[in-house]
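# Descriptive structure summary
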Amino acid sequence: MPPLPRPRRIVGVSLKMYFDLQSTLSYVRGVYQLDGEAWNARLDLFVIPDFVTLMESARILESSSVMLGAQDTFWEDKGAYTGEVSPLMLRQAGVKIVELGHAERRAQFGETDEWVAKKAGAAARNGIVPLVCIGERTHHNIASAAVGAAIEECKPQVTSVLAAVPDDVEVILAYEPVWAIGAAEPANPDHVVNVTKALRQLAAGRKGTTRILYGGSAGPGTFAKIAEGVDGLFLGRFAHDINNLKKVIEEVGGA
Ligand SMILES: O=C[C@H](O)COP(=O)(O)O
């Protein structure tokens, strides 16, 4: 099968719950300063702070091309859902991307593929790009077995989401092997390339853009080794130093 044309590259960071209010806003200001770098590198840049700082983050980023993300959403727009966050309000607040199904939410808060798919549908309905985290929980020692097992585990995570969103809307899939999140280093590059190539085929017939990111202890030096399989990186801890985010933007733009 001929290789599929590749979409524009994209790099972003989720702050999870690592920072406090002032350091979050200061970080978002730092990302704003990298708008020019991202433009020069011809890639899209996003930042995902916590919910509390979203409105102020939107204000900081409003004159830039940096896309604002949220760490989750509920699947209904309005109603008696105490504690949940509406996708309608996220859109009104300036959110362009919503992260769904992160491994930490699946493990600690019981997120299921069904919930993630419903949330992805709600995001798309509100004009927000779903960024869906997928990945296998355990790592097999034999490389060939590890690739096959990862693809099998990721497949339903992807297909349930693709069935829940219109065919012509953009979807971002973040391949994050669970065992590589919060680790000392990212997953083996061959493993990432082999799995992401197979995941790309699952979305091959879509009319909408599907971009595939890698996440899991990614940082400077990661992208060039896996560029064959992915369209960018989804960063965590190793982007807390904003200079590392700058380096990654340059690397992804140059690779
Ligand atoms: O959301 C980002 C990923 O979970 C990666 O986090 P990490 O780079 O700190 O492992």
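These lines cover the structure that appears in this document, whether it is placed above or below. These numbers come from a predicted model, not from an experiment.

Rules of the game
Residues numbered from 1 in each chain as written. Predicted model: local features only at pLDDT ≥ 70, side-chain atom pairs only at ≥ 80, totals over all residues. Heavy atoms only, no water. Helix = DSSP H or I, 4+ residues; strand = E, 2+ residues; numbered from the N terminus. Rg over C-alpha atoms; globule rule 2.2 N^0.38 Å. Buried < 20%, exposed > 50% of the residue type's maximum accessible area, 1.4 Å probe, protein only. Contact = heavy atoms within 4.5 Å. Areas by Shrake-Rupley, 256 points an atom, 1.4 Å probe, with all protein chains shown as cover. Expected span 1.5 Å × (residues − 1). Polar contact = N/O pair within 3.5 Å; in protein donor to acceptor, adjacent residues only side chain to side chain. Salt bridge = Lys/Arg side-chain N within 4 Å of Asp/Glu carboxyl O. Pairing = 2+ DSSP bridges. Axes fitted to C-alpha atoms, helices over the stretch in contact; angles between N-to-C directions. Near = heavy atom within 4 Å. Nonpolar A, V, L, I, M, F, W, Y, C, P; charged D, E, K, R; others polar.

Tallying secondary structure elements over the protein chain gives ten helices and eight strands in all. The C-alpha atoms of the protein chain give a radius of gyration of 17 Å, which matches the 18 Å a tight globule of 255 residues would have. In terms of principal-axis extent, the alpha carbons of the protein chain reach across some 45 × 40 × 35 Å. Among the 255 residues that make up the protein chain, the fraction classed as buried is 51%. Relative to all contacts within the protein chain whose residues are 6 or more apart in sequence, the contacts with residues 24 or more apart total 72%. For the protein chain, the accessible surface area stands at approximately 11,700 Å², while carbon and sulfur atoms represent 54% of it.

Across its 13 residues, helix α1 (residues 21–33) extends 19 Å between first and last C-alpha, which sits within 8% of the 18 Å expected from 1.5 Å per residue. Along α1, the positions that sit buried rather than exposed are T24, L25, Y27, V28, G30 and V31. Lining the buried residues of α1 we find β1 (9–14), α2 (35–40), β2 (43–48), α3 (54–61) and α10 (242–254). The distance from a side-chain oxygen at the start of α1 to the backbone nitrogen of Q22 is 3.3 Å, and the residue carrying that oxygen is D20.

Take the pattern of salt bridges next. The final tally for this structure, using the stated rule, is 19 salt bridges. R105 serves as the salt-bridge partner of D72, at 3.3 Å between the closest nitrogen and oxygen. With D72 in the loop between β3 (67–70) and α4 (87–92) and R105 in helix α5 (residues 103–109), the pair connects residues that are 33 residues apart, well separated along the chain. Here E152 ties to K155 by a salt bridge, and the two come within 3.5 Å at their closest N and O atoms. You can see E152 and its partner K155 sitting in helix α7 (residues 143–164), three residues apart, about one turn around the helix. When its relative accessible area of 49% is taken as the criterion, E152 is described as partly exposed. Members of the salt-bridge network, linked through shared partners, are R8, D44, E170 and R211.

This brings us to the sheet that holds strand β7 (residues 210–215). With respect to topology, eight strands assemble into a closed barrel ordered β1-β2-β3-β4-β5-β6-β7-β8, the strand pairing being parallel. If you compare each strand with its neighbour and ignore which way they point, the axes differ by 25 degrees on average. Where β3 and strand β4 (residues 97–100) come together, two bridges link them in parallel fashion. Looking at the pairing, A70 lines up with V98 of β4. Across the sheet, helix α6 (residues 113–125) is in contact with β4 and β5 (129–134); its angle to β4 comes to roughly 175 degrees.

We now examine the site of the ligand. Inspection of the region around the ligand gives 13 residues, with K16, H102, G182, S217 and R237 positioned closest. R237 is positioned such that a nitrogen or oxygen atom in its side chain is 2.7 Å from an oxygen atom of the ligand. In isolation the ligand exposes 300 Å². Once the protein is present, 100% of that is buried. Looking at the shell around the ligand, its residues break down into four nonpolar, six polar and three charged.

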